[in-house]
Structure formats: C-alpha cells, structure tokens
Amino acid sequence: MNLIFLGPPGAGKGTQARLLERRFGLRQISTGDILRKHREEGTALGKQAEGYMKSGELVPDDVIVAMIESELAGDHSRGFIMDGFPRTVSQAQAFDALLARQAWPLDAVVLFAADKQTLLARLSARWSNPRNGRTYNALTNPPKVAGIDDQDGGPLIQREDDRAQTVAKRLDVYQSSTTPLIEYYRKAGKLLEVDALAPVDTVAHDLVHALHFEHAH
Ligand code: AP5
C-alpha cells in the first residue's frame, strides 16, 4: 500500500507513520527527518535547507523533488508512507509524474485534521530522539525518565523549529502552500480524513479501519 500523510505541523503524521511502519512493514519516508539528517551530516543539501527550516519556510520544490526521487530509487520491496511530502501543488504534480513513470499506484491520501490550539500545545511539549525520529510529548506521552529515550537510553531534544514564533510561521505556510492539496487529492478521489485530536491509539485504530488494513495484510 502506498500512502501520503497530509496535515499541519504537530497533527501526528510522524507518530502514526512510525506505528504503521512497525505494524505493517510500510516504509515511512519523512522529508523532515531526511533533511534534518542531511543538516546533521553537513551535506550540501543540508546546508541549502538549513535557513528555510530554521525560519519555518518550505525548502524549494526542485530540491525536495530531487531528494524524493533519489530516496525512492532504492527500495521497491514494500509500500511507502510519504510523511510531509508533497507540501505544494507543484510537488504533488511532480510526484504524480514520478508515480506514473514507475507505474506505482497511490492508494490514499490521509488528511490529519486538528485545530491550531492543539497543534501549538503539542509542539511546545514535543521531545524528539534525533537518532531515529521517535517523538514523545511531555503532556500526553512522556518518556519514563524526562529527557531520555525509553528505548535507546540516549538524550531527547526539543526541535529548534518548535519555538512558538517558528511554529506560527510553519502553520501560516501550511495554510497558504499546503492546504490547496486537500482539494487536489479530493478531486482525484484519494482523500481520507482522520480526527487527529483523538488519542494516539484511537487515531491508529481509525486509520487501520479507514485503510482496510485488516483485509490488505
Ligand atoms: P517536518 O519535520 O515534516 O515537520 P511538520 O510537517 O511540520 O510536521 P511535524 O514533524 O512537526 O509534526 P507531525 O505531524 O509529524 O507530528 P508528530 O507525530 O511529531 O518538516 C520540518 C521542516 O522541513 C519544514 O518546516 C520545512 O522547512 C522542511 N520540509 C519538510 N518537508 C518539506 C517539503 N515536502 N517541502 C518543503 N520543505 C519541507 O506529533 C507532534 C507531537 O504531538 C508529539 O509530541 C507527539 O507525541 C504528539 N502527538 C501525536 N499524536 C497525538 C495524539 N493523537 N494525541 C496527543 N498527542 C499526540
């Protein structure tokens, strides 16, 4: 199954993508995680992306599309979950062309619906493991020991773009650049919506049912 997860910052796309990856063997492709890895490794792409990410702007479409093409060039053995891509109509058109060239079907686009207040609260309480992208939340899903990952025992960090001012910018950018994709995929008959305000387990349950995983796997 090939999926796109669409939704504002903090809606829970990454949390749910990691759950589906673990349960059903799908491959999570998070453009945010890939870009952060490039930044950490100091690659040319990482340096190019840094300024945009720090200020909450989108990295240019051509850079992102090239990155996705190279990411998908390797592993064809399992379905994917695009987490945070596409984010503009131009990225969606380039992705449609790539899928058509490769004859890969797109099964569904899941829209994670949440209100602004919840998103702000979630992001200001998010703690991430920079080594694998796993996230916790100080309010709703805290680690056993504050600041330490339950599984690998290493330190958790707060993302620099989760500061209030940058989050406000990211939400504006989502509104202006990414929400046109809702109509784009609705017209294509691909859009499914989940209530992202529900607890993590409820969202996961709703997703499995909406995507008919119980039949597909
Ligand atoms: P990216 O890393 O993709 O950030 P984002 O889309 O803003 O999404 P987030 O990771 O912030 O949120 P999420 O929906 O995954 O929520 P999460 O599961 O962590 O992008 C970062 C930057 O990279 C962009 O600003 C841009 O510069 C660049 N970029 C990336 N992709 C790009 C592209 N395609 N084009 C151009 N530029 C691009 O959950 C959030 C918190 O809530 C966590 O603490 C979690 O524990 C908690 N939580 C999750 N679900 C629930 C729930 N149901 N109930 C309670 N708490 C919950």
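See the structure shown above.
Every value quoted in this text rests on a predicted model; they were computed, and no experiment measured them.

A. Representation of the overall build of the protein within the structure. Helices and strands together make up the secondary structure of the protein, namely 10 helices and seven strands. A compact globule built from 217 residues would reach a C-alpha radius of gyration of about 17 Å, and the protein, at 17 Å, matches this within 12%. Its C-alpha atoms give the protein principal-axis dimensions of roughly 45 × 40 × 30 Å. A burial count over the protein gives 45% of its 217 residues as buried. When the accessible area of the protein is evaluated, it comes to approximately 10900 Å², of which 53% is carbon and sulfur surface. One finds the centroid of the 26 positive side-chain charges in the protein at a distance of 2 Å from the centroid of its 28 negative side-chain charges.

B. Structural detail: the environment of Gln 28. With respect to the secondary-structure elements, Gln 28 resides in strand β2 (residues 27-30). Given a relative accessible area of 15%, Gln 28 falls into the buried group. Among residues more than four places away in sequence, those in contact with Gln 28 are Gly 14, Ala 17, Arg 18, Glu 21, Asp 33, Ile 81 and Asp 83.

C. Quick look at the site of the ligand. Around the ligand lies a shell of 36 residues, among which Thr 15, Glu 57, Arg 87, Arg 126 and Arg 170 are the nearest. Taking Arg 36, its side chain carries an N or O atom lying 2.9 Å from an oxygen atom of the ligand. Within the backbone of Val 200, a nitrogen or oxygen atom sits 3.4 Å from a nitrogen atom of the ligand. Contact with the protein chains covers 96% of the free accessible surface of the ligand, which is 1000 Å².

D. Region of interest: the sheet that holds strand β7 (residues 191-195). Within the open sheet, the five strands sit side by side as β2-β3-β1-β4-β7. Their pairing is parallel. The open sheet is flanked by β2 and β7, the only strands paired with a single partner. For this sheet, the mean inter-axis angle between neighbouring strands, taken without regard to orientation, is 25°. In the sheet, β2 pairs with strand β3 (residues 80-83) via four bridges, with the strands oriented parallel. Its bridge partner lying in β3, Arg 27 is registered against Phe 80. Across the sheet, helix α4 (residues 61-72) touches β2 and β3, and the angle it forms with β2 is around 160°.

E. Inspection of the pairing of strand β1 (residues 3-6) at higher detail. The alternating pattern of β1 places Leu 3 and Phe 5 and Ile 4 and Leu 6 on opposite faces, both of which are buried. Pairing analysis gives three bridges linking β1 to β3, with the strands arranged parallel. Bridge assignment links Ile 4 to a residue of β3, and that residue is Met 82. Summarising the sheet, β1 and strand β4 (residues 108-113) pair through four bridges and their orientation is parallel. Bridge assignment links Leu 6 to a residue of β4, and that residue is Leu 111.

F. Looking closely at the environment of Val 110. Tracing the chain through its elements places Val 110 in strand β4. Beyond its immediate sequence surroundings of up to four residues, Val 110 is in contact with Ile 4, Phe 5, Leu 6, Leu 192, Val 194, Leu 207 and Leu 211.

G. Highlighting helix α1 (residues 13-24). Look at α1: 16 Å from first C-alpha to last across 12 residues, which is about the 16 Å you get at 1.5 Å a residue. Here α1 has its buried residues at Lys 13, Gly 14, Gln 16, Ala 17, Arg 18, Leu 20 and Phe 24. Once α1 ends, the next one or two residues include Gly 25, with phi positive near 75°.

H. A look at the packing of aromatic side chains. Applying the stated criterion to the full structure yields four aromatic pairs. Taken together through their ring pairs, the aromatic side chains of Phe 80, Phe 85 and Phe 95 make up a single cluster.

I. Here's a closer look at the packing of helix α5 (residues 89-102) against helix α8 (residues 180-187). One way to put it is that α5 packs onto α8 with a least axis distance of 9 Å and a crossing angle of 35°. Contacts from Val 89, Ala 92, Gln 93 and Asp 96 of α5 reach α8 at Pro 180, Leu 181, Tyr 184 and Tyr 185. Within the contact of α5 with α8, the residues separate by chemical class into six nonpolar, one polar and one charged.

J. Here's a closer look at the nonpolar core. Core analysis: the biggest nonpolar cluster contains 30 residues, and Leu 35, Ile 68, Leu 72, Met 82 and Phe 95 have the highest contact counts within it. Elements represented by at least two residues in this core include exactly β1, α2 (31-41), α3 (44-55), α4, β3, α5, β4 and α8. Here the element with the most residues in this core is α4; it accounts for six residues. Those residues in contact with Met 82 that lie beyond four places of it in its chain are Leu 3, Ile 4, Phe 5, Ile 29, Ile 68, Leu 72 and Phe 95. Of all hydrophobic cores here, the second largest spans 23 residues; its members include Leu 26, Ala 108, Leu 119 and Val 194.

Reading guide: rules and limits
- Residues numbered from 1 in each chain as written.
- Predicted model: local features only at pLDDT ≥ 70, side-chain atom pairs only at ≥ 80, totals over all residues.
- Heavy atoms only, no water.
- Helix = DSSP H or I, 4+ residues; strand = E, 2+ residues; numbered from the N terminus.
- Rg over C-alpha atoms; globule rule 2.2 N^0.38 Å.
- Buried < 20%, exposed > 50% of the residue type's maximum accessible area, 1.4 Å probe, protein only.
- Areas by Shrake-Rupley, 256 points an atom, 1.4 Å probe, with all protein chains shown as cover.
- Lys, Arg positive; Asp, Glu negative; His and termini not counted.
- Charge placed at Lys NZ, Arg CZ, Asp CG, Glu CD.
- Contact = heavy atoms within 4.5 Å.
- Near = heavy atom within 4 Å.
- Polar contact = N/O pair within 3.5 Å; in protein donor to acceptor, adjacent residues only side chain to side chain.
- Pairing = 2+ DSSP bridges.
- Axes fitted to C-alpha atoms, helices over the stretch in contact; angles between N-to-C directions.
- Expected span 1.5 Å × (residues − 1).
- Phe/Tyr/Trp six-rings, centres within 6.5 Å; stacked < 30°, edge-to-face > 60°.
- Nonpolar A, V, L, I, M, F, W, Y, C, P; charged D, E, K, R; others polar.
- Core = buried A, V, L, I, M, F, W, Y, C linked by side-chain atoms within 4.5 Å.

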